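Listed below, chain by chain, are the residues.
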Amino acid sequence: MKKITAMDSRDKRDYQKEVNKLKGRYSRQGQELIQKAYEYASEAHEGQLRLSGEPYISHCVEVAKILAELEMDYVSIAAGLLHDVIEDTGKSLEQLKEAFPEPIPLLVEGITKISELSLSSARERYVENLRKMLLAMAKDIRVIIIKLSDRLHNMRTLMYLPEEKQLSIARDTLEVYAPLANRLGISRIKSELEDLAMMYLYPEVYREIQRLLALKQAEREAFVQRACEFLRAYLEESGLRAEITGRAKHIYSIYRKMKRKEVNLDGIYDLIALRVITETEEDCWAVLGRIHSLWHPIPGTFDDYISMPKDNLYRSLHTTVVGLDGQPIEIQIRTREMHKIAEFGVAAHWKYKEGVKAKTDTEESLRWLRQLTEWIREVQDPGDFMVALKEEVFADTIFCFTPKGDVIALTKGATPLDFAYKIHTDVGNQCKGAVVNNRMVSLRTELKNGDIVRIITGKDGHPSPDWLDIVRTPTARAKIRHYLRSQMYHTQVERGKEILLKTLKHNNLTLSLEQATQALTKHLKKLSVKSMEQLFAEIGFGTISAQAVVNLLIPKPTKDSLSRVRQRPRRKRLPDIILENVGDDANISVRLARCCLPIQGEEIVGFITLNRGIAIHRKDCRSLKRILTEVKPDSSRLIPARWADGSRSQQRVSLKVVARDRVGLLKDITGVISASNINILASSTKTYPGKKRAVFYFLLLVDTQEQFNRLVASLKTIPGIISSSRVIHNW
């Protein structure tokens, strides 16, 4: 943020005009609060410039304008104007509380807490920031609506930032903020965020799609206009009045469809889209019937989101037909109220109008958010948290039915156990079986849209640890873990002790349980537990890594211990690796680290272990980085290393290939490997019929990194290959 001496008076007048426009739609009380917020923010940001050269207050006003376009209440507008005063000025939360009534300070504080959210930060810190954001959302959804508006304007002005910062912010936007906007039903913000992020992350693809769309834009617009007029006249003849407009598909949605269908732009047949707005729900169905009698519907393209709304309350009828001139046309049919919710989502009906509480349908649309708080505090492992978040917040939804006809919304891929826990915790805990569409099925069965599910319960039924591998929703997983914790706590305490002792032994630490307990007591606060018993239980349940605990007990090496390591009798030297400052006659064991298994051509480094000689790691090895970060060993334990010139010894490498399953796939993959002159030592295959996916693991014998990279590039040319990468796999 740049500094200037004072804001130009002309700028002040211009921004005041913008604020006056914002105030026009609100009551006198609202206008006074917005004006006060603007003056307070202007004074707080006095002298600050954005990288674009504009006064910083311009950003605050633009955020407020976006909120006004979403028809948010005046409290949100005021908070939007003030959203950066705590983070970027000398103002404190206490000062804000003195100047403004609640909930404005609460909203600004919530926005400030999540402003550090970044995928580029450390994983644990990133997960903790996500927790803060979700909990802040649960307290008041306006926090995230303001944050989304802030992110949207930042994306609109991203061109002024350095390239590295552009990519980081764009990635966060595409992976977190756009999906959140979608989950809240705010399609207007979601679509623009996706397109802006794609413009920076995939600039060449973005420009190419933009160019191809522009080539036929005039032709497409003329066709849409003709289709609108033709359909409008046809409906009027049937006594149906409706507003019909063309709907432009945004570039990122086209890109995703191209990737999903593995086609170029010419293979996307529903680029032409119409939207029909009616007065009543009955008219929606009448219009659908007339359209299907006029144009032939394409099988499998009809979706009824009126009878079964999405979790974010989106309602509409979708159909794709063979329209004018035999062209496929995608059509959405909805009422004006449905259209408003489709555009603004939660913002359309989460109204905090003066003296009016939020509507019941808003609470219904945010039920998923309330449920998040049930497991946000339960899941401690960062990896588990991220998986759960993507499954619960960013996943697709399916709709199943109880025998009585009640609709149950579930995450795609959910099982009858997820269904049981969605009905009630007791139904899940006592589940003994399930009947789907009048047929007895396994509890592992993946449910599909429209399934009728009946849960069989019994008083002697109870959860087992295996259920954690069956359920797909974080809510069900949290309830099962809660039951197992309450019923199996003491068992897991004993299991945790056993795991800790084994891990100590694996790290060559000759400590008894009593000695380890005594040494770990001072680390309880760091491990976020209150007692050693709780620590053992968390290790037993798998929520705390035993290795992370043992790392706290590994002593930092002294110079004497390092010299003793260097003087150990030599067991093995790798002839293809040269260690700097270590003579060939040194009695020291050298081995390839199992965590990364470097191969010829990769940059390497040696690390002196406490009792196993020197381990050769890739320079970018994650395990080595974790050791250097968490254990912080003496820098002298790192030994410069390089591959000997002309070395050609073969090394083992594990390859993972993910692909769309089909007949002959394995043959094609092994054919490419064989053609690359690489031997396959072992292989394993796992298929997922429901997802039409196959995962292959190969243990290969390769000469160099270059040879392996050529193989990976060749595999990508096989139809249906999703990814191919090097992994560490236990054979």
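Residues numbered from 1 in each chain as written. Predicted model: local features only at pLDDT ≥ 70, side-chain atom pairs only at ≥ 80, totals over all residues. Heavy atoms only, no water.

**As for the overall build of the protein**
Okay, step 1: For the protein, the helix and strand inventory stands at 31 helices and 22 strands.
Okay, step 2: Split into buried and exposed, the 731 residues of the protein put 49% on the buried side.
Okay, step 3: The contacts of the protein with a sequence gap of at least 6 include a subset with a gap of at least 24, amounting to 66%.
Okay, step 4: Working note: accessible area of the protein is about 37400 Å², and carbon and sulfur atoms make up 49% of it. (Helix = DSSP H or I, 4+ residues; strand = E, 2+ residues; numbered from the N terminus. Buried < 20%, exposed > 50% of the residue type's maximum accessible area, 1.4 Å probe, protein only. Contact = heavy atoms within 4.5 Å. Areas by Shrake-Rupley, 256 points an atom, 1.4 Å probe, with all protein chains shown as cover.)

**Re the pairing of strand 18 (residues 638-643)**
Okay, step 1: Residue alternation in strand 18 divides its side chains into a buried set, Ile639, Ala641 and Trp643, and an unburied set, Leu638, Pro640 and Arg642.
Okay, step 2: Of the strand pairs in this sheet, strand 14 (residues 577-579) and strand 18 are connected by 3 bridges, and their pairing is antiparallel. Bridging from a neighbouring strand, leucine 579 pairs with alanine 641 of strand 18.
Okay, step 3: Sheet topology places strand 16 (residues 604-608) next to strand 18; 3 bridges connect them, and they run antiparallel. Residue glycine 606 lies in a different strand from strand 18, and its bridge partner there is isoleucine 639. (Pairing = 2+ DSSP bridges.)

**Observations regarding the pattern of salt bridges**
Okay, step 1: The final tally for this structure, using the stated rule, is 19 salt bridges.
Okay, step 2: A salt bridge links glutamate 194 to lysine 190, with the shortest nitrogen-to-oxygen separation between them at 3.7 Å. On the criterion of helical spacing, the pair formed by glutamate 194 and lysine 190 is a turn pair, its members being 4 residues apart in helix 11 (residues 187-201). Across the pair, exposure class does not vary: glutamate 194 and lysine 190 are buried alike.
Okay, step 3: Measuring nitrogen to oxygen at the nearest pair gives 3.0 Å for the salt bridge that ties glutamate 243 to arginine 336. On the criterion of sequence distance, the pair formed by glutamate 243 in strand 3 (residues 243-246) and arginine 336 in helix 16 (residues 336-344) is long-range, its members being 93 residues apart.
Okay, step 4: Here the residues in one salt-bridge network are Glu18, Glu62 and Lys65, joined through shared partners. (Salt bridge = Lys/Arg side-chain N within 4 Å of Asp/Glu carboxyl O.)

**Thoughts on the confidence of the model for the protein**
Okay, step 1: Per-residue confidence for the protein averages 79 on the pLDDT scale, and 79% of its residues sit at or above 70.
Okay, step 2: The least confident element of the protein, judged by mean pLDDT, is strand 1 (residues 2-3) at 39; the most confident is helix 21 (residues 416-423) at 93.
Okay, step 3: pLDDT under 50 marks residues 116-123. Its contacts with residues more than four places away, or in other chains, come to 21 contacts.
Okay, step 4: Segment residues 350-362 is flagged for pLDDT under 50; beyond a separation of four residues in sequence, or across chains, it makes 22 contacts in the model. (pLDDT = per-residue confidence, 0-100.)

**Some details on unusual backbone geometry**
Okay, step 1: Omega for the peptide link from glutamate 102 to proline 103 comes to 10 degrees, which places this bond in the cis form.
Okay, step 2: With respect to the helices, strands and loops of the structure, proline 103 is situated in the loop between helix 6 (93-99) and helix 7 (104-114).
Okay, step 3: Non-glycine residue aspartate 325 carries a positive phi angle of around 55 degrees.
Okay, step 4: Inspection of the secondary structure assignment puts aspartate 325 in the loop between strand 7 (317-322) and strand 8 (328-335).
Okay, step 5: Relative accessible area serves as the criterion here: at 60%, aspartate 325 is assigned to the exposed category.
Okay, step 6: Even without glycine at this site, asparagine 677 takes up a positive phi of about 60 degrees.
Okay, step 7: Tracing the backbone through its elements, the reader meets asparagine 677 in the loop between helix 30 (665-675) and strand 20 (679-688).

**Things to note about the packing of aromatic side chains**
Okay, step 1: Using the criterion set out here, one finds 7 aromatic pairs in the structure.
Okay, step 2: Aromatic side chains tyrosine 202 and tyrosine 255 sit 5.4 Å apart centroid to centroid with 35 degrees between the ring planes, which places their arrangement in the tilted category. Here tyrosine 255 lies in helix 14 (residues 251-261) and tyrosine 202 lies in the loop between helix 11 and helix 12 (203-215), a separation of 53 residues in the sequence.
Okay, step 3: Taking the relative accessible area as the measure of exposure, tyrosine 202 reaches 33% and is therefore partly exposed.
Okay, step 4: Here the aromatic rings of tyrosine 252 and tyrosine 255 are separated by 6.0 Å at their centres, their planes lie at 45 degrees, and the arrangement is tilted. (Phe/Tyr/Trp six-rings, centres within 6.5 Å; stacked < 30°, edge-to-face > 60°.)

**Describing the nonpolar core**
Okay, step 1: With 73 residues, the main nonpolar core has Leu82, Phe100, Ile145, Leu148 and Ile189 as its most contacted residues.
Okay, step 2: Counting residues in each nonpolar core, the second largest holds 26 residues, with Val276, Ile306, Leu324 and Ile333 among its members. (Core = buried A, V, L, I, M, F, W, Y, C linked by side-chain atoms within 4.5 Å.)

**Digging into the sheet that holds strand 22 (residues 721-727)**
Okay, step 1: Read from one edge of the open sheet, 4 strands run 20-21-19-22, paired in antiparallel fashion. Two strands bound the open sheet, and with one partner strand each, they are strand 20 and strand 22. Across the sheet, the mean angle separating the axes of adjacent strands is 15 degrees when strand polarity is ignored.
Okay, step 2: Strands in contact with helix 30 are strand 19 (651-660), strand 20, strand 21 (693-702) and strand 22; relative to strand 21, the strand with the most contacts, it is inclined by about 20 degrees.
Okay, step 3: Sitting on the sheet, helix 31 (residues 705-715) touches strand 19, strand 21 and strand 22, and the angle it makes with strand 19 is about 10 degrees. (Axes fitted to C-alpha atoms, helices over the stretch in contact; angles between N-to-C directions.)

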